[in-house]
2 protein chains.
Amino acid sequence: MILAVTLNPALDLTYAVDALVPHTTHRVTAVTERAGGKGLNVASVLHALGEPVLATGLLGGATGDRIADLLARDGIPASFRRIAAGSRRTVAVADGLDATGFWEPGPTVTAGEWRDFVAHFRGLLPGASVAVLSGSLPPGVPVEGYATLLALATDAGVRTILDTSGEPLRAGLGGRPDLVKPNAAELAALTGDPGLDARSAADHALALGARAVVLSRGELGLLAVTPDGVFEAAPPETVAGNPTGAGDACVAALARGLAARTPWVSLVADAAALSAAAVAAPIAGVFDADAYRRWTDTTP
Amino acid sequence: MILAVTLNPALDLTYAVDALVPHTTHRVTAVTERAGGKGLNVASVLHALGEPVLATGLLGGATGDRIADLLARDGIPASFRRIAAGSRRTVAVADGLDATGFWEPGPTVTAGEWRDFVAHFRGLLPGASVAVLSGSLPPGVPVEGYATLLALATDAGVRTILDTSGEPLRAGLGGRPDLVKPNAAELAALTGDPGLDARSAADHALALGARAVVLSRGELGLLAVTPDGVFEAAPPETVAGNPTGAGDACVAALARGLAARTPWVSLVADAAALSAAAVAAPIAGVFDADAYRRWTDTTP
């Protein structure tokens, strides 16, 4: 089983409006609700792939109840811990031209709630082969929170993937993840040098504690710097669509590959194909299964 | 007890942002949540006045749960019926200049749920002196829904106030409310003639079934056309502030006055003062108690 951790999940609302006009009132013509947050996208993709997955993390309030309901509706196994503060929402207003986003701040997690979650996570590890830690940390979770979870997973013989940014990424690398999956901007923020070439930037992440780095570079595809060598995979096709969630699909493929001990060369190609299939689908956490099959079922 | 009916309540969210820039993503710096909808504003004002009130209506989903929690937190007595579809949200994005609003559509109410509510409403009438019916009808409730409730209330000896607009107002007048409280735009929509003088427009509403009309005219104050004569009341002062909810405070005062059988001249003056005190308060459903006391505790 792959454990997908989302400490700061969200209820993602999309509002369709005719045209966004600041300082007026809009009737929303259609509302879509989904369980959001990077780790939940990873869980959703793994579930669609038929891969055993368990979503965990923190949920609070009526918004947390709604996220749990949506996960249950989609049949995604979940074992979240409750917190007193309410989970956040995001609102994306889509007016036919583009989206305008509003991101609520995350709920504040108490020290006791964090300790409770760490114990819960430890209890889930015996059933897991891979643990994926995705997204931002809500207020109150220590910046080294991911390092704590990574160390526990590694001690339990569970392989690990970290997909976050900023200080939680920097501090998390101290927990020695088996794999990190930054994009170019996240890696530049880590090195502090946007001019650095991709390979040198990846080496910087290795020096800070990562055991392997898979750098997602959009249309340039993936660059994997690993203990077994350097691998690249271009997208199978140039895909137009929705890049949101492509990184999470990439992480889902990497997690499945780590669990199956797939060789890097196949794993990176598979992750590039699943990312492209996610770009081809209109919403995060979903991929175009036909395109993915077409790109991966070919024999030379 | 005054029964305050809200068939289409909302969870009102206010998002503070630095500046609203269409087609970008905004971090929300502060979120406020309140139980919204005109009837809940009426209930909130009556509760703050110390007047026994019971809020009723329809609530559904996790959003409905949250609305119920917020009412309980404020100590407002409530007896809502559950529906399967989720209650709506409104989002107001405040950027320091002004608000930009997004109104979700209301939940669809089934025929069985509507029948269930009508029976529930009938069961609450024996404890009520006045029933206030406020706001829009959610999809699925028949357009003559308010007329049905008004007839039941009148049969039970309960006096009634209707505060809605458009077709629900027109159809509701057939239920012969003791009082309607349109604003000038709502009354113009009813008559179809924006050029009509206020008195003639009010007479039109009387001809359609209202027993009395209290027309709210903003800074011009209130015009009451009643079986006992015509009464006017100007605001006690010109008040700058937030007009949202002033109409609901006016209705709360009118409901309290109907319950106490206050003479029209005093009742209309009190409603004008409470409306102005609501303008002086920053959020709907709240009024400036000091200003209200100053304006009403004077003796000539």
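Above this text sits the structure in question.
Residues numbered from 1 in each chain as written. Chains lettered and ligands numbered in written order. Predicted model: local features only at pLDDT ≥ 70, side-chain atom pairs only at ≥ 80, totals over all residues. Heavy atoms only, no water.

**Description of the overall build of chain A**
Argument step 1. For chain A, the count of helices and strands is 10 helices and 14 strands.
Argument step 2. When the backbone C-alpha atoms are referred to their principal axes, chain A occupies close to 55 × 45 × 40 Å.
Argument step 3. Looking at chain A as a whole, 53% of its 300 residues are labelled buried.
Argument step 4. Restricting to contacts in chain A with at least 6 residues of sequence separation, those with at least 24 account for 64%.
Argument step 5. Of the roughly 12,000 Å² that chain A leaves accessible, carbon and sulfur atoms contribute 54%.
Argument step 6. Charge separation in chain A, taken as the distance between the mean sites of 22 positive and 30 negative side-chain charges, equals 5 Å. (Helix = DSSP H or I, 4+ residues; strand = E, 2+ residues; numbered from the N terminus. Buried < 20%, exposed > 50% of the residue type's maximum accessible area, 1.4 Å probe, protein only. Contact = heavy atoms within 4.5 Å. Areas by Shrake-Rupley, 256 points an atom, 1.4 Å probe, with all protein chains shown as cover. Lys, Arg positive; Asp, Glu negative; His and termini not counted. Charge placed at Lys NZ, Arg CZ, Asp CG, Glu CD.)

**Digging into the pattern of salt bridges**
Argument step 1. Scanning all chains against the criterion turns up 30 salt bridges over all chains.
Argument step 2. Among the salt bridges present, the one from A:R34 reaches A:D12, with a minimum N-O distance of 3.3 Å. With A:R34 in strand β4 (residues 30-36) and A:D12 in strand β2 (residues 10-16), this residue pair connects regions lying 22 residues apart in the sequence. Side by side, A:R34 and A:D12 carry an identical accessibility label, which is buried.
Argument step 3. Put simply, A:E33, A:R66, B:R89 and B:E104 are held in one network by salt bridges that share partners. (Salt bridge = Lys/Arg side-chain N within 4 Å of Asp/Glu carboxyl O.)

**Observations regarding the interface of chain B and chain A**
Argument step 1. On the chain A side, the residues contacting the 30 residues of chain B number 30 residues.
Argument step 2. Roughly 2,500 Å² of surface becomes buried between chain B and chain A when both sides are summed, with 62% attributable to carbon and sulfur atoms.
Argument step 3. When the buried surface of chain B facing chain A is broken down by residue, B:H23, B:F102 and B:W103 rank first, second and third, together holding 26% of it.
Argument step 4. Linking chain B to chain A there are two salt bridges.
Argument step 5. Where B:R89 meets A:E33, a salt bridge forms, and the shortest distance between an N and an O atom there is 2.5 Å. (Buried area = accessible area lost by both parts, 1.4 Å probe.)

**Quick word on the sheet that holds β4(A)**
Argument step 1. Taking strand neighbours across the sheet as the criterion, the five strands line up as β4(A)-β2(A)-β7(A)-β8(A)-β3(B) in an open arrangement whose pairing is mixed. Since the sheet does not close on itself, it has two edges, and those belong to β4 of chain A together with β3 (25-27) of chain B, each with one partner. Strand after strand, the sheet turns through a mean of 15° between neighbouring axes, direction not considered.
Argument step 2. Note that β2(A) and strand β7 (residues 88-94) of chain A share seven bridges and pair parallel. Each residue of the ladder has a partner; that of A:A16, found in β7(A), is A:A94.
Argument step 3. On the sheet, helix α2 (residues 61-73) of chain A packs against β2, β4 and β7 of chain A and is oriented at approximately 85° with respect to β4(A). (Pairing = 2+ DSSP bridges. Axes fitted to C-alpha atoms, helices over the stretch in contact; angles between N-to-C directions.)

**Quick word on the sheet that holds strand β3 (residues 25-27) of chain A**
Argument step 1. Overall, mixed pairing links the five strands, which are arranged β3(A)-β8(B)-β7(B)-β2(B)-β4(B) in an open sheet. Sheet topology places β3 of chain A together with β4 (30-36) of chain B at the edges, where each strand pairs with a single neighbour. When strand polarity is set aside, the average angle formed by the axes of neighbouring strands in this sheet is 15°.
Argument step 2. Direction of pairing for strand β2 (residues 10-16) of chain B relative to β4(B): antiparallel, over a ladder of seven bridges. Along β4(B), the bridge assignment pairs B:A16 with B:A30.

**Section: the environment of B:S134**
Residues and elements named next belong to chain B.
Argument step 1. One can find S134 in strand β9 (residues 130-134).
Argument step 2. Residue S134 is classed as buried on the basis of its relative accessible area of 1%.
Argument step 3. If sequence neighbours within four positions are ignored, S134 has contacts with V5, T6, K38, G39, V42, Y146 and D163.

**Remarks on the relation of the copies chain B and chain A**
Argument step 1. Taken as rigid bodies, chain B and chain A are interconverted by a rotation of 180° and an axial shift of 0.0 Å, the fit giving an RMSD of 0.1 Å. Taken together, the rotation and translation relating the two chain copies correspond to the operation of a two-fold axis. When C-alpha positions in chain B are compared against the rotation axis, the closest is assigned to B:A62, at 2.7 Å.
Argument step 2. Interface overlap between copies: 100% of the residues of chain B at the interface are likewise at the interface in chain A, consistent with a symmetric, same-surface contact. (Least-squares fit on C-alpha atoms with pLDDT ≥ 70 in both.)

**Let's talk about the packing of helix α1 (residues 38-48) of chain A against helix α8 (residues 246-260) of chain A**
Residues and elements named next belong to chain A.
Argument step 1. With their axes 8 Å apart at the nearest point, α1 and α8 run at an angle of 60° to one another. Viewed along their axes, α1 and α8 adopt a mutual orientation that is oblique. Once α1 is placed against α8, the crossing between them reads as right-handed. Of the residues in α8, those in contact with K38, N41, V42, V45 and L46 of α1 are D248, A249, V251, A252 and R256.
Argument step 2. Counted by class, the contact of α1 with α8 contains six nonpolar, one polar and three charged residues. (Parallel < 35°, antiparallel > 145°, perpendicular 65-115°, else oblique. Left-handed = near helix turned anticlockwise from the far one by under 90°. Nonpolar A, V, L, I, M, F, W, Y, C, P; charged D, E, K, R; others polar.)

**Some points on the environment of A:E232**
All names here are of chain A.
Argument step 1. Relative to the helices and strands, E232 resides in strand β14 (residues 229-233).
Argument step 2. Classification of E232 as exposed rests on a relative accessible area of 57%.
Argument step 3. For the pair formed by E232 and P182, sequence separation is 50 residues and the distance between their alpha carbons is 15 Å.
Argument step 4. If near-sequence neighbours (up to four positions away) are discounted, E232 is found in contact with R217, L222, L223 and V268.
Argument step 5. In terms of polar contacts, E232 uses its side chain to reach the side chain of R217, at 2.9 Å. (Polar contact = N/O pair within 3.5 Å; in protein donor to acceptor, adjacent residues only side chain to side chain.)

**Considerations on helix α4 (residues 145-155) of chain B**
All names here are of chain B.
Argument step 1. Within α4, the full set of buried residues consists of G145, Y146, A147, L149, L150, L152 and A153.
Argument step 2. Of the surrounding elements, those touching the buried residues of α4 are β1 (2-6), α3 (111-124), β9, β10 (159-163) and α5 (166-173).
Argument step 3. Positioned one or two residues after α4, G157 has a phi angle of 80°, which is positive.

**A few points about the pairing of strand β9 (residues 130-134) of chain A**
Residues and elements named next belong to chain A.
Argument step 1. Along β9, five of the five residues are buried, which leaves the element largely enclosed by surrounding structure.
Argument step 2. Of the two faces of β9, the one carrying V130, V132 and S134 and the one carrying A131 and L133 are both buried.
Argument step 3. Here strand β1 (residues 2-6) pairs with β9 via five bridges, running parallel. Across the sheet, T6 pairs through a bridge with S134, a residue of β9.
Argument step 4. Here β9 pairs with strand β10 (residues 159-163) via five bridges, running parallel. Counterpart to S134 in the pairing with β10 is D163.

**Focus on the nonpolar core**
Argument step 1. Formed by 120 residues in total, the largest nonpolar core has its most connected members in A:F102 and B:F102.
Argument step 2. Not counting chain neighbours up to four residues away, the residues in contact with A:F102 comprise A:R89, A:T90, A:V91, A:V93, B:Y15, B:V17, B:L20, B:H26, B:V28, B:V93 and B:F102. (Core = buried A, V, L, I, M, F, W, Y, C linked by side-chain atoms within 4.5 Å.)

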